Amino acid sequence: MIPIMRPWLGSEEGAAAAEVISSGWIAQGPRVERFEHALAARVGASDGIAVTSCTTALHLALIVLGVGPADEVIVPSLSFIATANAARYVAATPVFADVEIDTLNLSARTIERVLTPATRAVILVHQGGTPADLDEIHRLCDPRGIAVIEDAACAIGATYKGRPIGGHSDLVAFSFHPRKVITTGEGGMLMTSNPDWAERLRRLREHGMNMSAAARHSLTSVTIEQYLETGYNYRMTDIQAAVGLVQLGRLDEIVARRRRLAERYGSFLDDIPGIAFAKDPAYGTTNYQSFWLILPEEFPVTRNDLMARMLERGISTRRGIMAAHLEPPYATSASLDLPVTERLDRQAVLLPLYHEMTEEDQDGVMAVIQDSARLAPGRTST
Ligand SMILES: *Cc1c(COP(=O)(O)O)cnc(C)c1O
């Protein structure tokens, strides 16, 4: 079986987790703090607030911005559904914008089409690890007082204009789910360069408390904590953070390997007419969290048939990124004009790509594409 993704974990992660367990302090504590400092330094943000997931990071980002019921939040429909759901968590209205076919990302052009006087924030996604064009989006949003949140769930290790994703906006959310580039099992981190927000975010993830449980534990005098506002339990554990620190040490190697394998896919796909696929944009580099391709309408087999042909040979693929506006919770927003998103929903496929994938594995995937491309037009496998 060739999976779509397999996290690269070694005995070091196991040893780091075991060390936390034998230390006796397993909830949020010193290792979470170390992980936050390490990632903030790595991406060039002043603070990182570790939380349970990228989804909860996006929720807290909207809370510190004060986004609420009267507000609209522009999101791509072409994203994991958590991006749109985050707007619903604060009772705001998600407004779907279309994406660019070459990056699968929002752009100033697609955002501008759905701006209204009620637009308070944009959550842009660096889809599959391909960076969005941040400068042009900030140029559109900043003068209008519209906040830009980066959903960088997929984009750790990607760069924009020579600097890492994570330090370009005031609120950037990462994910450490195993489907992403580095993992802590579940987990996320919200990067910010606003110290007031950082303080409030730390409080919000811990029930609104004015001091962390870890800080209270290390005090020598009796201190009674206060609960300054309604908060959440969005804390990461020290076990997760210890694993995350080891994974962060592997990030460069993981990204380099993914880029090498992606380049191999690319040089092969270049020879098949009409297929478009994930590439670096002119202004940055992708980590290839996902390797997507878009089949031309005239391809001899349909997208779903191609996926079936792969599965017959033990190769796992995924439809391209989902389109949230086509799912039941957003059915009422369905009469939208999102032609690129809907085309991608029909024609895109994600290919397997993981650190320990061999060239032989990859050749197997490419052989199925090549065979399918050679079929007479109109013929399918079923
Ligand atoms: C995976 C993903 C999320 C959700 O991340 P979790 O850490 O699982 O909550 C959000 N947005 C995008 C674009 C994603 O790919």
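Everything numeric here is computed off the predicted structure, so don't read it as measured data.

In the vicinity of the ligand there are 15 residues, among which Cys54, Thr55, Asp151, Ser175 and Lys180 approach most closely. At 2.9 Å from an oxygen atom of the ligand is found a main-chain nitrogen or oxygen belonging to Cys54. Between the ligand and Lys180 there is a distance of 2.7 Å, counted from an oxygen atom to a side-chain nitrogen or oxygen. Contact with the protein chains hides 92% of the accessible area of the ligand, taken as 380 Å² for the molecule alone. Sorting the residues of the shell around the ligand by element identifies α3 (54–65) and α4 (82–89) as the ones contributing at least two each. The residue inventory of the shell around the ligand, partitioned by class, reads six nonpolar, seven polar and two charged.

Below, the discussion takes up the domain arrangement of the protein chain. The extent of an interface is frequently quoted as the accessible surface area lost upon association of the parts. One can read the domain layout of the protein chain as domain 1 (11–248) and domain 2 (252–373). Look at where the C-alpha atoms of domain 1 and domain 2 centre, and you get two points 26 Å apart. Taken together, the contact between domain 1 and domain 2 spans 38 residues of the former and 33 residues of the latter. Approximately 3000 Å² of surface area, both sides summed, lies buried where domain 1 meets domain 2, with 58% of it carried by carbon and sulfur atoms. Counting the surface domain 1 buries against domain 2, the share from its top three residues, Phe96, Asp98 and Ile101, is 19%.

Criteria and cut-off values
- Residues numbered from 1 in each chain as written.
- Predicted model: local features only at pLDDT ≥ 70, side-chain atom pairs only at ≥ 80, totals over all residues.
- Heavy atoms only, no water.
- Near = heavy atom within 4 Å.
- Polar contact = N/O pair within 3.5 Å; in protein donor to acceptor, adjacent residues only side chain to side chain.
- Areas by Shrake-Rupley, 256 points an atom, 1.4 Å probe, with all protein chains shown as cover.
- Helix = DSSP H or I, 4+ residues; strand = E, 2+ residues; numbered from the N terminus.
- Nonpolar A, V, L, I, M, F, W, Y, C, P; charged D, E, K, R; others polar.
- Domains from an automatic or database assignment.
- Contact = heavy atoms within 4.5 Å.
- Buried area = accessible area lost by both parts, 1.4 Å probe.

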